[in-house]
Amino acid sequence: MSPYYGYFPPSKPKEAKGGIKAQSKRGAFGESWWAKRWIEVLSGFNLGARLTRGRSYARSGQVLAVEIGVGAISAKVQGSRSKPYSVTIRVKTLSPAEWSTVATVLSHEAGHVAALLAGQMPQALEDVFKKAKVSLFPSRYEDLMTECSCPDWSNPCKHIAAVYFLVAEEFDRDPFLLFKLRGMTRAGLIEMLQDVQVEDDAPQAEAHAQKSGSASSAREPLPVDCGAFWGQRAQEDLALGEVSVPAVKASLVCRLGAFPFWRGQEEFLPALEALYEAASKRGLAAILEE
C-alpha cells in the first residue's frame, strides 16, 4: 500500500468571475459587535484551522451566491472543479413560544426596540434573550447543521467557512438577518411586539372607557384637501428658498445601508457619495447661473 494513501495534494480553486468579495481585506471580519460575536461564537466551537481556511475564499470572491432564509443559508462556492459546490447551513431556530417570551421581555425595553428599528442592535440585547432563557446566537455546535457537495470530509470545509465569514459582514448591514436565522423575520418581530403592546394597554383602555362612559367616540374625519387641512392655498409659483449643497452626502442612499453581498471592486457607499457630491455642486452651479 502506498504511504501516501488517503493523502490529497492541496487544490487550487478555479477563478470565479463576478463572485462576492468580502469588504474586509485583512484582520477580523465584521465591524459591528454582533458580526464579530458571530465569528467569536463559531471560533468557540473549537473548529480551529477548519474555520480560518475560508478567509482567503471569502476575500478572493470564490463565493458566487448566498441566500439567507428563515433558519437556513444556501450558497454556491467555486472550488477546484468546474461546477460550483452547493453549501447549506441550517441554524436551530427558536420556537414560537420562545420568541413570544423574547418579545414580552423586549417590549419593556423601549430603547432597545428603537435601536433595532433604526438598524442597530444594542449589546444589552443578549441579556434580553438570557432573561427569556434562550440564546441570541447558537449556543453549541449542534445548533448548526452544515453540508457541502465538495469531497472534503472536514466540517466545516473551506467552502462552508467562507460563507460563515460573508454572512458576518451581512450582519453589519442588517442585524435582523441574525433574528431571521433564529426563526423570526423583522416584520414578524414588529408584529409580535405590537401584539404584546396591545395586550399591555388593553386593561388601561378598558378602564378609561368605563370612566368616560363610552368605549369609543366618533371623530371628525380628516379633510381630503391637504391645503385646506394646513390652512394654505395652492401656490402656482414654486419658491426654492435657500439652495445649498447638502451637509450629508447621499443621505437617502446611506439610509438604505450597504448593498447586500456587494460584488464591486470599490465599496458601494463611498463610491456613490463621491458621485452625489459632484452632482450637488453641478446642480448648485446650474441654479445660481440662472
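Bear in mind the structure is a predicted one, so any value in this text is a computation, not a measurement.

Counting secondary structure elements, the chain contains twelve helices and four strands. Within the span of the chain, comprising 290 residues, buried residues form 33% of the whole. Across the chain, contacts joining residues at least 24 apart in sequence account for 71% of those joining residues at least 6 apart. Here the chain displays about 18800 Å² of accessible surface, and carbon together with sulfur accounts for 54% of that area.

Now for the pattern of salt bridges. Tallied over the full model, the rule gives seven salt bridges. With its nearest N and O atoms 3.6 Å apart, the salt bridge here joins Glu 40 to Arg 37. Of this pair, Glu 40 and Arg 37 both sit in helix α1 (residues 33-43), three residues apart, roughly one helical turn. Note on Glu 40: relative accessible area 49%, which makes it partly exposed.

Only one face of strand β3 (residues 85-91) is covered, namely the face carrying Tyr 85, Val 87, Ile 89 and Val 91; the face carrying Ser 86, Thr 88 and Arg 90 is uncovered. Pairing between β3 and strand β4 (residues 144-148): five bridges, direction antiparallel. Looking at the pairing, Val 91 lines up with Leu 144 of β4.

When we look at burial in helix α4 (residues 96-106), the residues that qualify are Trp 99, Val 102, Ala 103, Val 105 and Leu 106. In an axial view of α4, the angular spread of the buried residues amounts to 165°, which keeps them on one side of the axis.

The subject of this paragraph is unusual backbone geometry. Cis geometry marks the peptide bond from Asn 155 to Pro 156; its omega dihedral reads 10°. Along the chain, Pro 156 falls in the loop between β4 and α7 (158-173).

On to the confidence of the model for the chain. Per-chain confidence: the chain averages 80 in pLDDT, with 73% of residues scoring 70 or above. Per-element confidence in the chain is highest for β3, whose mean pLDDT is 97, and lowest for helix α10 (residues 226-230), whose mean pLDDT is 58. Under a pLDDT of 50 for its full length, residues 1-7 has, in the predicted model, zero contacts with residues more than four places off or in other chains.

Another aspect to go through is the sheet that holds strand β1 (residues 63-69). Adjacent strands of a sheet form backbone hydrogen bonds with each other and so pair up, either parallel or antiparallel. Pairing is antiparallel in the open sheet, where four strands are placed in the order β1-β2-β3-β4. Taken across any chain shown, the strands that pair with only one partner, and hence form the sheet edges, are β1 and β4. Taken pair by pair, the neighbouring strands of this sheet meet at an average axis angle of 10°, ignoring direction.

Formed by 64 residues in total, the largest nonpolar core has its most connected members in Trp 38, Trp 99, Met 121, Phe 129, Phe 171 and Phe 179. Element by element, the count of residues in this core is highest for α7, at ten residues. Among all residues touching Trp 99, those that are not within four sequence positions of it are Leu 94, Phe 129, Phe 179, Arg 182, Gly 183, Met 184, Leu 189 and Met 192.

Right, let's get into the environment of Asp 195. Mapped onto the elements, Asp 195 comes out in helix α9 (residues 186-212). A sequence separation of 88 residues divides Asp 195 from Ser 107, and the C-alpha atoms of the two residues are 9.9 Å apart.

Evaluation of the coordinates by the stated rule reveals ten aromatic pairs. Here the aromatic rings of Phe 29 and Phe 165 are separated by 4.6 Å at their centres, their planes lie at 35°, and the arrangement is tilted. In this pair, Phe 29 is assigned in the segment before α1 and Phe 165 in helix α7, connecting sequence segments 136 residues apart. By the burial criterion, Phe 29 is buried, and Phe 165 matches it. On the basis of an interplanar angle of 80° and a centroid distance of 5.7 Å, the ring pair of Phe 176 and Phe 179 is categorised as edge-to-face. Here the residue Phe 176 and the residue Phe 179 both occupy positions in helix α8 (residues 176-181), the gap between them amounting to three residues, near one helical turn. Phe 179 carries the same exposure label as Phe 176, and that label is buried. Within the aromatic cluster, the residues linked to one another by ring pairs are Trp 99, Phe 129, Phe 176 and Phe 179. When the ring centre of Phe 137 is taken as reference, the NZ or CZ atom of Arg 37 above it lies at 5.6 Å.

Let's shift gears to the environment of Gly 54. For Gly 54, the location among the structural elements is in the loop between α2 (49-52) and α3 (55-60). Judged by relative accessible area, which is 0%, Gly 54 ranks as buried. Residues Gly 54 and Phe 165, spaced 111 residues apart in sequence, show a C-alpha to C-alpha distance of 7.6 Å. Residue contacts for Gly 54: discarding those within four places in its chain leaves Lys 158, Ala 161, Ala 162 and Phe 165.

Rules of the game
- Residues numbered from 1 in each chain as written.
- Predicted model: local features only at pLDDT ≥ 70, side-chain atom pairs only at ≥ 80, totals over all residues.
- Heavy atoms only, no water.
- Helix = DSSP H or I, 4+ residues; strand = E, 2+ residues; numbered from the N terminus.
- Buried < 20%, exposed > 50% of the residue type's maximum accessible area, 1.4 Å probe, protein only.
- Contact = heavy atoms within 4.5 Å.
- Areas by Shrake-Rupley, 256 points an atom, 1.4 Å probe, with all protein chains shown as cover.
- Salt bridge = Lys/Arg side-chain N within 4 Å of Asp/Glu carboxyl O.
- Pairing = 2+ DSSP bridges.
- Arc of directions from axis to C-beta.
- pLDDT = per-residue confidence, 0-100.
- Axes fitted to C-alpha atoms, helices over the stretch in contact; angles between N-to-C directions.
- Core = buried A, V, L, I, M, F, W, Y, C linked by side-chain atoms within 4.5 Å.
- Phe/Tyr/Trp six-rings, centres within 6.5 Å; stacked < 30°, edge-to-face > 60°.
- Lys NZ or Arg CZ within 6 Å of the ring centre and 35° of its normal.

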